[in-house]
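Listed below, chain by chain, are the residues.
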Amino acid sequence: MQCPRCKTENGTRTICSKCGYYMYRPDTMNREKMTKTEQAISDTKIVGKRVGKVFKYVWMIIVLIAMSFWLVAGMVVLVSLLGGG
Ligand SMILES: [Zn+2]
């Protein structure tokens, strides 16, 4: 099946492997080659790939926030140590 959005040929897939567009048609005949379970597994893999990409960015932001927090905390400790001494 060809993706209507990016024109990528996806074979029996219901989700575009390139842009993730849902091409599901209940009456499509070319889904017969794949069982429903196989289709679900391949769809989950594609969706998982996309979720993984988003998760990477979320994780980077969390690490950056954590790092800046420890930098600020370290500065506060240094300043209080210098001030107290
Ligand atoms: Zn596409």
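Described below are features of the structure shown in this document. Everything quoted here is computed from the prediction, not taken from an experiment. (Residues numbered from 1 in each chain as written. Predicted model: local features only at pLDDT ≥ 70, side-chain atom pairs only at ≥ 80, totals over all residues. Heavy atoms only, no water.)

1. Comments concerning the coordination of the zinc ion
Then comes step 1: Distances from the zinc ion to its protein donors, namely Cys 3 (SG), Cys 6 (SG), Cys 16 (SG) and Cys 19 (SG), fall within the range 2.3 Å.
Then comes step 2: One chain supplies every donor to the zinc ion, and in sequence these donors are spaced C-x2-C-x9-C-x2-C.
Then comes step 3: A residue is classified by how much of its surface remains accessible, and Cys 3, at 0% relative accessible area, is buried. (Donors = N, O, S within 2.8 Å, 3.2 Å for Na, K, Ca; no water. Buried < 20%, exposed > 50% of the residue type's maximum accessible area, 1.4 Å probe, protein only.)

2. Observations regarding the environment of Asp 43
Then comes step 1: Looking at where Asp 43 falls in the secondary structure, it is placed in helix H1 (residues 36-84).
Then comes step 2: As for Asp 43 and Ile 15, which are separated by 28 residues in sequence, their C-alpha atoms are 6.3 Å apart.
Then comes step 3: Ignoring anything within four residues of it in the chain, the contact list for Asp 43 reads Thr 14 and Ile 15.
Then comes step 4: For Asp 43, the side chain forms a polar contact with the side chain of Thr 14, separated by 2.7 Å. (Helix = DSSP H or I, 4+ residues; strand = E, 2+ residues; numbered from the N terminus. Contact = heavy atoms within 4.5 Å. Polar contact = N/O pair within 3.5 Å; in protein donor to acceptor, adjacent residues only side chain to side chain.)

3. Topic: unusual backbone geometry
Then comes step 1: The phi dihedral of Lys 7 is positive, around 65 degrees, even though this residue is not glycine.
Then comes step 2: Here Lys 7 shows up in the segment before H1.
Then comes step 3: Judged by relative accessible area, Lys 7 falls into the exposed class, the value being 55%.

4. Re the packing of aromatic side chains
Then comes step 1: The full count for this structure, using the stated rule, is 1 aromatic pair.
Then comes step 2: Geometrically, the ring pair formed by Phe 69 and Trp 70 is edge-to-face, given 5.5 Å between the ring centres and 75 degrees between the ring planes. Each member of the pair, Phe 69 together with Trp 70, is exposed. (Phe/Tyr/Trp six-rings, centres within 6.5 Å; stacked < 30°, edge-to-face > 60°.)

5. Focus: a nonpolar patch on the surface
Then comes step 1: Taken together, the side chains of Val 54, Phe 55, Val 58, Trp 59, Ile 62, Val 63 and Met 67 make up a nonpolar region of the molecular surface, amounting to roughly 690 Å² of accessible area.
Then comes step 2: Mapped onto the elements, Val 54 comes out in helix H1.
Then comes step 3: The exposure class assigned to Val 54 is exposed, which follows from its relative accessible area of 53%. (Patch = residues over 30% accessible without salt bridge, like charges linked within 9 Å, V, L, I, M, F, W, Y side chains within 5 Å. Areas by Shrake-Rupley, 256 points an atom, 1.4 Å probe, with all protein chains shown as cover. Salt bridge = Lys/Arg side-chain N within 4 Å of Asp/Glu carboxyl O.)

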